[in-house]
Amino acid sequence: MADPIDLRSDTVTRPTAAMRQAMADAEVGDDVYGEDPTVNALEAEVAAMFGHEAALFCPSGSMANQIALQLLVPPGTELLCDADAHVVTYEMGAAAAYGGVTSRTWPPVGAELDADVVAAMVRPDGYWAVPTRAIAVEQTYNRGGGGVIPLDTLRELRRIADAGQVALHCDGARIWHAHVADGVPLATYGALFDTLSVCLSKGLGAPVGSLVVGSADRIERGRVIRKRMGGGMRQAGILAAAGRYALANHVDRLADDHAKAARLAEAIAPFGVLAATVRTNIVPLDLTKAPLDAPALAAAARAEGVLISVLGPHAARLVTHLDVTATQVDQAATTLTQILRR
Ligand SMILES: Cc1ncc(COP(=O)(O)O)c(C=O)c1O
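Residues numbered from 1 in each chain as written. Predicted model: local features only at pLDDT ≥ 70, side-chain atom pairs only at ≥ 80, totals over all residues. Heavy atoms only, no water.

So, the packing of helix H3 (residues 61–72) against helix H10 (residues 216–228)
- Here H3 crosses H10 at 120 degrees, and the two axes come no closer than 10 Å. Taken together, the axis directions place H3 and H10 in an arrangement best described as oblique. You can see that H3 and H10 cross each other, and the crossing is right-handed. Contacts between H3 and H10 involve Met63, Ile67, Gln70, Leu71 and Leu72 on the former and, on the latter, Arg218, Arg221, Gly222, Ile225 and Arg226.
- For the contact of H3 with H10, the class distribution of residues is 5 nonpolar, 2 polar and 3 charged. (Axes fitted to C-alpha atoms, helices over the stretch in contact; angles between N-to-C directions. Helix = DSSP H or I, 4+ residues; strand = E, 2+ residues; numbered from the N terminus. Parallel < 35°, antiparallel > 145°, perpendicular 65-115°, else oblique. Left-handed = near helix turned anticlockwise from the far one by under 90°. Contact = heavy atoms within 4.5 Å. Nonpolar A, V, L, I, M, F, W, Y, C, P; charged D, E, K, R; others polar.)

Here you go:
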C-alpha cells in the first residue's frame, strides 16, 4: 500500500536531501560554551529578521515559549492568553510547574480576538489581586484554524500592554505563515513584541528547533533558564544548519501550502463542516452537524490512506505542508468528500 497522505500536522515533515546535505556540511562546536558557529549564525540571522538584539536556539517550541514566559512573568504573577493557546493547552502545565505562573484566559476566539476584552482583563500591581505581567498571543493560532491576527489588532494590543506596563509575547510557531498570508514584514511583527518564539520544525520543514527572540539582556537570562531546563545542546550546529536552510529556502513556498489548504477547504465547504475561513495551512473541521463524529471520520479516512487529527469529539483538523503534493491533496479531498457523502 502507498504511504498514507499525512494531514495530521506540519510537524511530520522529513528533511529534504538538500537540507540533510546542509546538516552534514555544518561547522560545529560546543554551543554550551557559545562555540558553535552555525548556531551563532542562526541566532544572529533570526534576531536580525525580527529587528531584535538577540535570539536563543532551543530544542522545541514549547521550551522557547516557556523560557520567554519565565523571562516575562515572575512566579506568582499572571499571564493572559486565549483559552485554546498552545502555551496553556499543550505545554503540560509548564508555566505553572516550572515558572510558578498563574494564567487567566479569554474565551477561545483565536485570531478574532477583541483587544478591548484583553484590556479589561489587565490587573495592576497591588496586594489584593494577582498582577498581570504579560499578554501572549499566537500567530498563527493553531487551535484557531491557522487564523492570522490582523496587524491593527496587534498594534492595539501593544498600546494596551504599554498602558498597563505589561509585556507582550508572541508564540510565533507559524509566524512565517502569517507573514506570507498577510505580507507583513517579520520585522514589523518583531517590533510589536517584547519576546517571540519562532519554530523551524513546523511548516518550514526542519527536523528540530525553535528560537526565543528578544533583547540582549533577556536572551542572556534566557540562556541560563534554557540550561536549567536541560536545553543546553552541544554540537547543535547540525540542527541549526537545517534551520538556516529552511529559512533560506522554505519560507516563500508556504504560499503553496496555503493554496493546498484552500483547495481542501473548497472541496469540503459544501458539506457544511468548515469551522472557519481558511487563511493559512490549517483546515479546521466542525463535525457537529455531520453524519459522523471526528474519531469516526479519522478512522474512515485512515482506512483509505488519509491521516487527519482529532481535536475533540466533533472537531478535526487537516494541515498542509512540504511533504504533501497538490495531487495528494486532491486525492485526500476526494477521499474525505466520499466519506462525508456516505
Ligand atoms: C502554536 C504552537 N506553539 C508552540 C508549539 C510547540 O512546538 P514543539 O512541538 O516544538 O514544542 C506548537 C507545536 O505544534 C504550536 O503549534
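Having seen the model, we can carry on.
Focus: the pattern of salt bridges
- Here the structure, examined in full by the defined rule, presents 20 salt bridges.
- The salt bridge partner of Arg234 is Asp30, with a shortest N-O separation of 3.1 Å. Of the two residues, Arg234 is situated in the loop between H10 and helix H11 (237–249) and Asp30 in the loop between helix H1 (17–25) and helix H2 (37–49); the sequence distance between them amounts to 204 residues.
- Arg234 gets classed as partly exposed once you look at its relative accessible area, which sits at 38%.
- Given the relative accessible area of 15%, Asp30 is considered buried.
- Measuring nitrogen to oxygen at the nearest pair gives 3.4 Å for the salt bridge that ties Arg143 to Asp84. Of this pair, Arg143 sits in the loop between strand S5 (132–138) and helix H7 (151–164) while Asp84 sits in the loop between strand S3 (78–82) and helix H4 (86–89); the two residues are 59 residues apart in sequence, bridging distant segments of the chain.
- The class for Arg143 is partly exposed, based on a relative accessible area of 29%.
- Taken together, the salt bridges that share partners define one network made up of Glu43, Glu220 and Arg223. (Salt bridge = Lys/Arg side-chain N within 4 Å of Asp/Glu carboxyl O. Buried < 20%, exposed > 50% of the residue type's maximum accessible area, 1.4 Å probe, protein only.)

Section: the layout of surface pockets
- Put simply, the largest pocket is a space of about 320 Å³.
- Residue lining of the largest pocket: 25 residues in total, with Thr11, His86, Asn142, Arg174 and Lys202 positioned closest to the centre.
- Only H3 and strand S7 (195–199) provide two or more residues apiece to the lining of the largest pocket.
- For the lining of the largest pocket, the element with the most residues is H3, which contributes 3 residues.
- Looking at the lining of the largest pocket residue by residue, the class counts come to 4 nonpolar, 14 polar and 7 charged.
- Along its surface, the second largest pocket is lined by Asp3, Pro4, Ile5, Asp6, Arg8, Val12, Arg14, Leu307, His321, Asp323, Val324 and Gln328.
- Partitioning the lining of the second largest pocket into residue classes produces 5 nonpolar, 2 polar and 5 charged. (1 Å grid on protein atoms, 1.4 Å probe; cavity = no way out; pocket = protein on both sides within 12 Å on 5 of 7 lines; lining within 4 Å. Points joined across faces, edges and corners; volume = space filled by probe spheres on them.)

Quick word on the environment of Val32
- Within the secondary structure, Val32 is located in the loop between H1 and H2.
- A residue is classified by how much of its surface remains accessible, and Val32, at 30% relative accessible area, is partly exposed.

Describing the sheet that holds strand S8 (residues 210–214)
- As summarised here, the arrangement of the 7 strands in space is S2-S8-S7-S6-S5-S3-S4, forming an open sheet in which the pairing is mixed. Either end of the sheet is taken by a strand with one partner, and the two such strands are strand S2 (54–58) and strand S4 (102–106). Strand-to-strand twist across the sheet, computed as the mean angle between neighbouring axes with direction ignored, equals 20 degrees.
- Contacts from helix H8 (residues 175–182) reach strand S6 (167–172) and S7, with the element oriented near 90 degrees to S7. (Pairing = 2+ DSSP bridges.)

Looking at the pairing of S3
- Counting buried residues along S3, 5 of its 5 residues qualify, which places the element largely inside the surrounding structure.
- Direction of pairing for S3 relative to S4: parallel, over a ladder of 5 bridges. Bridge assignment links Asp82 to a residue of S4, and that residue is Trp106.
- As paired strands, S3 and S5 are joined by 3 bridges and run parallel to one another. When the bridges of S5 are listed, Glu78 appears paired with Thr132.

Side note on unusual backbone geometry
- Looking along the chain, the bond that leaves Gln139 and enters Thr140 is cis, with omega of 0 degrees.
- Inspection of the secondary structure assignment puts Thr140 in the loop between S5 and H7.
- Phi is positive for Met92, which is not a glycine, with a value near 60 degrees.
- Note that Met92 resides in the loop between H4 and helix H5 (94–99).
- For Gln165, which is not glycine, the phi torsion reads 55 degrees and is therefore positive.
- Along the chain, Gln165 turns up in the loop between H7 and S6.
- For Gln165, a relative accessible area of 73% corresponds to the exposed category.

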